[in-house]
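So the chains spell out like this:
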Amino acid sequence: EPEVTQTPSHQVTQMGQEVILRCVPISNHLYFYWYRQILGQKVEFLVSFYNNEISEKSEIFDDQFSVERPDGSNFTLKIRSTKLEDSAMYFCASSPFPGQGIGGYTFGSGTRLTVV
Amino acid sequence: DAKTTQPNSMESNEEEPVHLPCNHSTISGTDYIHWYRQLPSQGPEYVIHGLTSNVNNRMASLAIAEDRKSSTLILHRATLRDAAVYYCIRAGSQGNLIFGKGTKLSVKP
C-alpha cells in the first residue's frame, strides 16, 4: 500500500535554528498538507499546497514557516528561528483530491521536533 | 473549529461491536463526513467517509442519519488494536480536514 514518507523521524534543534522537515507524498496525489500535534493536544492544520502554491493556511502558519516542493517528489516544511513552543509532532499528508477525497488523506508517521 | 461533537471517551469489550457517535448539526449539503483514527504514537489514519448513504469498507461501517445531522462509526468486532482516538470530521469539497478532540476508545480484553 502506498505510503507518505517523512524524514527524519526525530529532530532535535537549538532554539533559534532553522529546520527543514521532509516528506515524500504518494506519487499520484496532487494535494499536500502539513499538520502538527503538540504533545497531548489535538492535531492542528498548518497549510495545504496545490499546484505549487499554498491553497490555505492557518493562523499558526506565520512568516516563520514556509513550504516548498523543490523537485516534484519532495514536499518540505521549513521553520525559521525555531522557538520552544514549536516542539511538536509534525505530520505530512497527501490526497488525490481536496476535501472529500477518494480514500481520504494519507498521513505520514510524523517527525518529532524537539527544540531545546 | 471542528464543528462536530463527539464523546470524550468510550469503552468496549474485545470482539463486541462498537458504535461511535458524532453530531454535526450545522453540516452543509456538500460537506462530506470523514472518520480518522490515531493509534498511540502514530499519525492519523483514514477509516471511512461518506456523504449521504451508509458506507461499508474493510475497516468499518458509517451510518449517516437521514437529515445528515449525525453519524455513527461502527466497528463490527473490536480488537485490542482498535484502541485509538477516533475523529469525526466535516470536510467541504475544497476544505481541509480540521480535527477536533475526538473520542478515545478503550478496548478491554
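In this report, the structure presented in the accompanying data block is examined.

About the criteria used
- Sequence positions are assigned chain by chain, starting from 1 and proceeding in written order.
- The order in which chains are written sets their letters, starting at A; the order in which ligands are written sets their numbers, starting at 1.
- Note on the predicted model: pLDDT of at least 70 is required for a residue's local features to be given, and 80 or more for side-chain atom pairs to be given and counted; whole-chain, interface and lining totals, by contrast, use all residues.
- Working from all heavy atoms in the structure, the side-chain values ignore hydrogens and water.
- Nine residue types can take part in a nonpolar core, namely buried Ala, Val, Leu, Ile, Met, Phe, Trp, Tyr and Cys, and a core is a set of them joined through side-chain atoms within 4.5 Å.
- The rule is simple: take the accessible area with a 1.4 Å probe, protein chains only, and divide by the maximum for that residue type; under 20% is buried, over 50% is exposed, in between is partly exposed.
- The criterion used for residue contact is that any of the two residues' heavy atoms lie within 4.5 Å.
- Segments assigned H or I by DSSP are reported as helices when at least four residues long, segments assigned E as strands when at least two residues long, and all are numbered from the N terminus.
- Each polar contact in these results corresponds to two N or O atoms within 3.5 Å; when the atoms are within protein, one needs to be able to donate a hydrogen and the other to accept it, and residues that are neighboring in sequence are counted only if both atoms are side-chain atoms.
- We define buried area as the total accessible area lost by two parts upon association, computed with a 1.4 Å probe and summed across both.
- Here, a salt bridge means any Lys or Arg side-chain nitrogen found within 4 Å of an Asp or Glu carboxyl oxygen.
- Note on residue classes: Ala, Val, Leu, Ile, Met, Phe, Trp, Tyr, Cys and Pro are nonpolar, Asp, Glu, Lys and Arg are charged, and everything else, Gly too, is polar.
- A pocket, in this scheme, is an open set of points on a 1 Å grid over the protein atoms alone with protein on both sides within 12 Å along at least 5 of 7 lines, while a cavity is a set where a 1.4 Å probe fits but cannot get out; residues line either one if an atom lies within 4 Å of a point.
- Grid points are joined across faces, edges and corners, and a volume is the space filled by probe spheres set on the points.
- Here, strands pair whenever DSSP counts at least two bridges between them.

1. Topic: the nonpolar core
Grouped together as the largest cluster of nonpolar side chains are 22 residues, with contacts concentrated most on Trp 34, Leu 46, Val 67, Phe 75, Leu 77 and Tyr 90 of chain A. Look past the residues within four positions of Leu 46 of chain A in its chain and what remains in contact with it is Trp 34, Tyr 35, Arg 36, Glu 56, Lys 57, Ser 58, Ile 60, Phe 61, Leu 77 and Tyr 90 of chain A.

2. Points about the side chain of Arg 90 of chain B
Residues and elements named next belong to chain B. Structurally, the position occupied by Arg 90 is in strand E8 (residues 84–91). At a separation of 2.8 Å, a polar atom in the side chain of Arg 90 contacts the side chain of Thr 26. Polar side-chain contacts of Arg 90 include one of 3.0 Å to the side chain of Asp 31.

3. Points about the interface of chain B and chain A
How large an interface is tends to be reported as the accessible area lost when its parts come together. Contacts between chain B and chain A engage 21 residues on the former and 20 residues on the latter. For the pair chain B and chain A, the two sides together bury roughly 1600 Å², of which 54% comes from carbon and sulfur. For chain B, the biggest contributors to the area lost against chain A are Pro 44, Asn 96 and Phe 99 of chain B; these three give 31% of the whole. Between the two partners, chain B and chain A, sit one salt bridge. The shortest N-O distance in the salt bridge between Arg 58 of chain B and Glu 1 of chain A comes to 4.0 Å. Counting every contact that joins chain B to chain A gives four residue pairs in polar contact (both at pLDDT 80 or more). The element that contributes the greatest number of residues to the side of chain B that touches chain A is strand E3 (residues 32–38) of chain B, accounting for four residues. In the side of chain B that touches chain A, the residues fall into nine nonpolar, eleven polar and one charged.

4. Points about the layout of surface pockets
Empty space within the largest pocket amounts to approximately 850 Å³. As for the largest pocket, its lining consists of 32 residues, and the residues nearest its centre are Glu 1 of chain A together with Glu 45, Tyr 46, Arg 58 and Met 59 of chain B. Only strand E10 (106–107) of chain A together with strand E4 (45–50) of chain B provide two or more residues apiece to the lining of the largest pocket. A total of three residues in the lining of the largest pocket trace back to one element, the largest contributor, which is E4 of chain B. In the lining of the largest pocket, the residues fall into 13 nonpolar, eleven polar and eight charged. There is about 560 Å³ of room inside the second largest pocket. Taken together, 25 residues line the second largest pocket, and the ones lying closest to its centre are Gln 37, Gly 40 and Gln 41 of chain A together with Gln 38 and Val 85 of chain B. Put simply, the parts of the chain that give the lining of the second largest pocket at least two residues each are strand E9 (88–95) of chain A together with E8 and strand E9 (103–108) of chain B.

5. Here's the deal with the pairing of strand E6 (residues 61–64) of chain B
Residue and element names in this part refer to chain B. With two bridges joining them, strand E5 (residues 55–56) and E6 adopt antiparallel strand pairing. Paired with Asn 56 across the two strands is Ser 61, which belongs to E6. Between E5 and E6, which follow one another and run antiparallel, lie four residues. Here E6 hands over to strand E7 (residues 70–75) after five residues, with Arg 68 in that stretch at a positive phi of 65 degrees.

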